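# A structural walkthrough
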Amino acid sequence: MFRLLLLLFTAIVLSNCARKPIGTFQADEVPNAPDYSQEKYWAALPNRLDSADVILDQSLEDVQATAEIDVFWLHPTTYTGQKGERNWNAPVDDIGLNTKTDGSTIKYQASVFNGVGKVYAPRYRQIQLQVFDEFEGEKRASALQATQIAYRDVKTAFEYYLTHYNNGRPIIIASHSQGTMLAKELLKDYFDGKDLQKQLVVAYLVGIAVSKDFFQDIPVCENATHAGCFTTWRTFQKGHRPKDVATGDSIAVTNPLTWTKEATYAPASLNKGLIITDKHPFYVGLADAQVNNELGILWMTRPKSPLRLRFFPSKNFHIGDINLYYANIRENAKKRTANFNSP
């Protein structure tokens, strides 16, 4: 019996184990806010050893010590809650939760960017997984209040980063899932049509629908070297037409193998390496990609190997949005940075 490894099975496990918070959002029960002057409230900082420094293939190199740009990473949901719990937002001092975050999204997603920039990843009072079910339900007001808490932390962390770490350096904003939900707002509030937009190398807004016209002045990236723009995709099995997520031709989609918005099929031979675990080097040439502009999603043909991909029990590859195209994203971040820095 083969092992279903962390990043390709976590989504199913979390969905089955997560518990909805009891009652409604109560402001006086929100966990304490993080103090970003303390390093423990950062999942990744470039001046210390952490999970964002991991090298997942021997062909890679961590260049954070000499990098000329910064990467501000907002991680996806790792907080699933427990039975009988009232928390709508995660406590940032939860050692078990932080260990889970560091060993999953920071290690296997944020590490994509250690080959191009100094990686900063704040811990924040993320909303609990099942809160997403409440955005269209009777507890919508509670869900929105909880989201405001999460975004308040992200804004505070970003402002601290700008004041104490950035020093006017170019910035990549990168995120997945809940992180993208918050990164969209961060970009609108701090970059879109603002002075800081001049420092934006690119935004990788992965795993959440982003409308083509969401920003006033930040466009969808046109090609592999286009800078000052945003890229976005959500990965599903080829032919699948999801009913439980937003779809439509107003949603932006980027092909992470060709880096265009075109529906032209990109064969798996263009995939320079997907990552499942640090126990195995890159799987090269396994995952293809094709934009479906009608639905606003990315289609991928399910690979016949390795077995853990072939038998992954879902047509929604959300958990692997970044890992399926790990090496290509890493390479692309370097190309856009080089273009941004060119005279």
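Scroll up to find the structure.
Residues numbered from 1 in each chain as written. Predicted model: local features only at pLDDT ≥ 70, side-chain atom pairs only at ≥ 80, totals over all residues. Heavy atoms only, no water.

### Some details on the overall build of the chain
Helix and strand content of the chain: 6 helices and 9 strands. Against the globule reference of 20 Å for 343 residues, the chain gives a C-alpha radius of gyration of 19 Å, in line with a compact fold. Each of the three principal axes of the chain carries a C-alpha extent, and together these read 55 × 50 × 40 Å. Burial status across the chain gives 57% buried among its 343 residues. Pairs at least 24 residues apart make up 78% of the contacts formed inside the chain by residues separated by at least 6 positions. Accessible area for the chain stands at about 14600 Å²; split by element, carbon and sulfur atoms hold 50% of it. (Helix = DSSP H or I, 4+ residues; strand = E, 2+ residues; numbered from the N terminus. Rg over C-alpha atoms; globule rule 2.2 N^0.38 Å. Buried < 20%, exposed > 50% of the residue type's maximum accessible area, 1.4 Å probe, protein only. Contact = heavy atoms within 4.5 Å. Areas by Shrake-Rupley, 256 points an atom, 1.4 Å probe, with all protein chains shown as cover.)

### Considerations on the nonpolar core
Counting residues in hydrophobic clusters, the biggest one holds 51 residues, and the most contacted among them are F113, I172, Y204, Y325 and I329. Secondary-structure elements contributing two or more residues to this core are β1 (42–44), β2 (70–74), α2 (95–108), β3 (118–122), β4 (171–176), β5 (200–206), β9 (297–300) and α6 (326–341). In this structure, F113 is in contact with V71, W73, V119, A174, Y204, I329, R330 and A333, ignoring residues within four places of it in sequence. (Core = buried A, V, L, I, M, F, W, Y, C linked by side-chain atoms within 4.5 Å.)

### Considerations on the environment of T260
Positionally, T260 belongs in the loop between β7 (235–237) and β8 (290–292). Setting aside residues no more than four positions away along its own chain, T260 makes contact with E222, V253, T254, N255 and V291. Among the polar contacts listed, one links the side chain of T260 to the backbone nitrogen of E262, at a separation of 3.3 Å. (Polar contact = N/O pair within 3.5 Å; in protein donor to acceptor, adjacent residues only side chain to side chain.)

### Side note on the pairing of β2
If a strand is regular, its side chains alternate between the two faces of the sheet. Extensive coverage of β2 is indicated by the burial of 5 of its 5 residues. Neither face of β2 is open: one carries D70, F72 and L74, the other V71 and W73, and all of them are buried. Where β2 meets β3, 3 bridges bridge the pair, whose relative direction is parallel. Within β3, the residue paired with V71 across the bridge is V119. The sheet contact formed by β2 and β4 spans 5 bridges and is parallel. The residue bridging F72 from the neighbouring strand is I173, located in β4. (Pairing = 2+ DSSP bridges.)

### Examining the packing of aromatic side chains
Going through the model one piece at a time under the given rule, you end up with 21 aromatic pairs. Here the aromatic cluster, defined as three or more aromatic residues joined through ring pairs, consists of Y36, W42, F72, Y120, F158, Y160, Y161, Y165, Y190 and F191. Sitting over the ring of F214, K184 keeps its end group 4.7 Å from the ring centre. (Phe/Tyr/Trp six-rings, centres within 6.5 Å; stacked < 30°, edge-to-face > 60°. Lys NZ or Arg CZ within 6 Å of the ring centre and 35° of its normal.)

### Quick look at the state of the cysteines
Within the structure shown, the criterion is met by 1 disulfide. Note that C221 is cross-linked by a disulfide to C229, the S-S spacing being 2.0 Å. A torsion of 95 degrees about the S-S bond marks the disulfide between C221 and C229 as right-handed. As far as the burial class goes, C221 and C229 line up, both buried. (Disulfide = S-S within 2.5 Å.)

### Description of the environment of L309
Take L309: it is sitting in helix α5 (residues 307–310). In the structure, L309 is positioned 199 residues away from A110 in sequence and 21 Å away in space, judged by C-alpha atoms.

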